[in-house]
Amino acid sequence: MQEYSSNWVDNFNHTRLHRGLCVSRRCGDPNTALEVPSGASMDSWFASCVNASTMSSHNLSARLYQLDYCQRGQERARPLDAADRAFPVVLAALAALAGVSTALELLLSPQTKKEYQWALSWSLPGCWRALRAPPPAVSAAGDLRVFDGVRVLCMMCVIIEHVCWLSTIAYIADIRYFETIRRAGDAILLGNSTLVVQVFFLMASFLLAHKILLQTSKGSMPSWRSFFSTMINRIIRVSPSYYMVVWFAATWWSRLGAGPQWAPRVDAEAGVCRSKWWVHLLYLNNVLDADNKCLVQTWYLAADMQLYAVALLLTLVLARWRRGALPILMALLFISVGGLFAISYWLKLVSTFVMHNPEVVRMKYYGDLSFNILYQSPLGNAPGTLAGLLLAYVHHEMLERNKQPQQYRWFRWVTSSGAPLALWWAASSPLLLGAGAAPGAPARAPAAALAALERPIFSLFVGLALLGAMHGVHPIWVRFLAWPGWAPAARLSFGALLLHMPINTALIAARRAPTELNRLSVIVEWLGVAGVAYLAALPLALLVELPAQRLHRALERLCSAPAPPAPPATKPEPQHQPLEKTNL
């Protein structure tokens, strides 16, 4: 058993058993259950019951290692506090704003609407039009239509990986089957699919630099004050929906269901959200108290905000020294990779697939340095951001030199192979690791090298594919992802990112049987969770995300609008003296 469990990359720790029992029914006379005192006596009753079952079935003794929770009878719900009461009030206020704003749009004249656009921010027809707006057309600045499809595809990859992740955290019905297929090709690809998060970092930094470089190409050099205005735009884009979902998770999430695993899965995470909500407010949840996780997927929002600020500052600096931009960015990329290798070798950090080993996943990466330093920190995701900046500068270098790279066969071949190479790298890179001293454990140097290189190499292949798509190289996958119909789903992807984990966690926690984790069940649950998450993202977008953006733009226009011209000065009319009466 110990030898089998030593392959910790692929197998669970079989020297530890996980049991959940109703002790009054399974371990003794139900009539005596109420006479058992709490505390140590309850622990020992539970421990003796499990030990008796293992001795009778396997002739193995068991001792209690950790008691997660113990409930006696129906637990009383947590009393409502101010945050609990305020949340439905805010929801009602948002609904009222939507009703009033929609009525104003339907009743006001077109001229009045132009003057009071801020009052129409919550208009449902207006938000619906913004949601269904067509993607940007092809222009001289490049073809960016593929970005919407890539965003939706990557979000679907994130959701299916989280479906498997949450099933692993719960109790799997057939553990041996799970351990057997872990080295299958599709299982390796799925376990390593979280590399697609680098695509989000790459696209965010590319679009940021692309916008600034377009301004400079028109002779408008952005001022340093634009750093603050751009960051405010980013915060308004992300924060309203983000804060609402964290608020929901901290207050009403735990009240909306029940089940055998509700306490350790939903109640425990909701308690973390109540204790560290302020860390989320500051976008520091990936570095402060990182082991205790509230909505684990929100580490990306914190890392993205941190790297976005760094990328913006770097772009504003390099925009003034365009000739040195590419060498500087390449040097920074090499330095970041070298630093990641040194840290990984020193601290014995591992790559993504190895990090997602069964026991570490079951513990939700608590205390795992590879997750905290490489996976969710800005340091570990810096290569993706730098790759996006490099892509923007290479793209604009081609535009300014008026090159037509799509006319060259080598360019078409190289960029067309970018997407297949990225897929191949995600599926095969874990196989590059050698065996270490313990079965299944990777050797130290290869593990550090792969941990440092897997994200930059994946980002390189994705960047090549996007560069070709922007310059007219359209293989079949580009034509598929450039379909205009992806635009609304892409705008809902942010809400789906926030909501799919609470939905899936509640589904897992309410189950009264072990989870079936196989290919068919994963596909069915993936499509179900993704569909419900995108549907739930619709009201979040229409009532929170889009109105906040529309209100911000309307107030910006209102504040920047020139003052109406003063009426022309007129000369005062001469005052006529009254005629005096005279005697004739």
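What this report covers is the structure whose coordinates are included nearby. Given the structure is predicted, the values throughout are model-derived calculations rather than measurements.

This next bit is on the environment of Ser-101. Summarising the element assignment, Ser-101 is placed in helix H4 (residues 82–107). For the pair Ser-101 and Leu-124, spaced 23 residues apart in sequence, the C-alpha to C-alpha distance is 7.7 Å. When neighbours within four sequence positions are excluded, Ser-101 is seen to be in contact with Ala-119, Leu-120, Ser-121, Trp-122 and Ser-123.

Let's shift gears to the side chain of Asp-143. In this structure, Asp-143 sits in the loop between helix H6 (124–131) and helix H7 (146–169). On the basis of relative accessibility, which here comes to 6%, the residue Asp-143 falls in the buried class. There is a polar contact of 2.9 Å between the side chain of Asp-143 and the side chain of Arg-145. Setting aside residues no more than four positions away along its own chain, Asp-143 makes contact with Val-138, Ala-469, Met-470 and His-474.

Turning next to the pattern of salt bridges. Per the stated rule, a full pass over the model turns up 18 salt bridges. Residue Arg-255 pairs with Asp-84 through a salt bridge whose shortest N-O separation is 3.4 Å. One end of the pair, Arg-255, is in the loop between helix H11 (226–251) and helix H12 (262–275); the other, Asp-84, is in helix H4, and 171 residues separate them in sequence. When its relative accessible area of 25% is taken as the criterion, Arg-255 is described as partly exposed. Note that Asp-186 and Arg-519 form a salt bridge whose closest N and O atoms lie 2.6 Å from each other. In this pair, Asp-186 is assigned in helix H9 (residues 185–191) and Arg-519 in helix H25 (residues 519–560), connecting sequence segments 333 residues apart.

Looking now at the packing of aromatic side chains. Under the definition given, this model contains 23 aromatic pairs. Seen in terms of ring centroids, Tyr-242 and Tyr-243 are 5.8 Å apart; in terms of plane orientation they differ by 35°. Their pairing is tilted. Here Tyr-242 and Tyr-283 contribute two aromatic rings whose centre-to-centre distance is 5.5 Å and whose plane-to-plane angle is 45°, an arrangement assigned as tilted. Of this pair, Tyr-242 sits in helix H11 while Tyr-283 sits in the loop between helix H13 (277–281) and helix H14 (299–318); the two residues are 41 residues apart in sequence, bridging distant segments of the chain. Under the relative-accessibility criterion, Tyr-242 is labelled buried at 0%. Joined through ring pairs, the aromatic side chains of Trp-165, Phe-200, Phe-201, Trp-299, Tyr-300, Tyr-365, Phe-371 and Tyr-375 make up one cluster. Its guanidinium or amino end placed over the ring of Phe-353, Arg-182 lies 4.3 Å from that ring's centre, counting from NZ or CZ. Arg-444 extends its terminal NZ or CZ atom over the ring of Tyr-345, reaching a point 4.5 Å from the ring centre.

Scoring rules and cut-offs
Residues numbered from 1 in each chain as written. Predicted model: local features only at pLDDT ≥ 70, side-chain atom pairs only at ≥ 80, totals over all residues. Heavy atoms only, no water. Helix = DSSP H or I, 4+ residues; strand = E, 2+ residues; numbered from the N terminus. Contact = heavy atoms within 4.5 Å. Buried < 20%, exposed > 50% of the residue type's maximum accessible area, 1.4 Å probe, protein only. Polar contact = N/O pair within 3.5 Å; in protein donor to acceptor, adjacent residues only side chain to side chain. Salt bridge = Lys/Arg side-chain N within 4 Å of Asp/Glu carboxyl O. Phe/Tyr/Trp six-rings, centres within 6.5 Å; stacked < 30°, edge-to-face > 60°. Lys NZ or Arg CZ within 6 Å of the ring centre and 35° of its normal.

In short, geometric facts, not functional conclusions.
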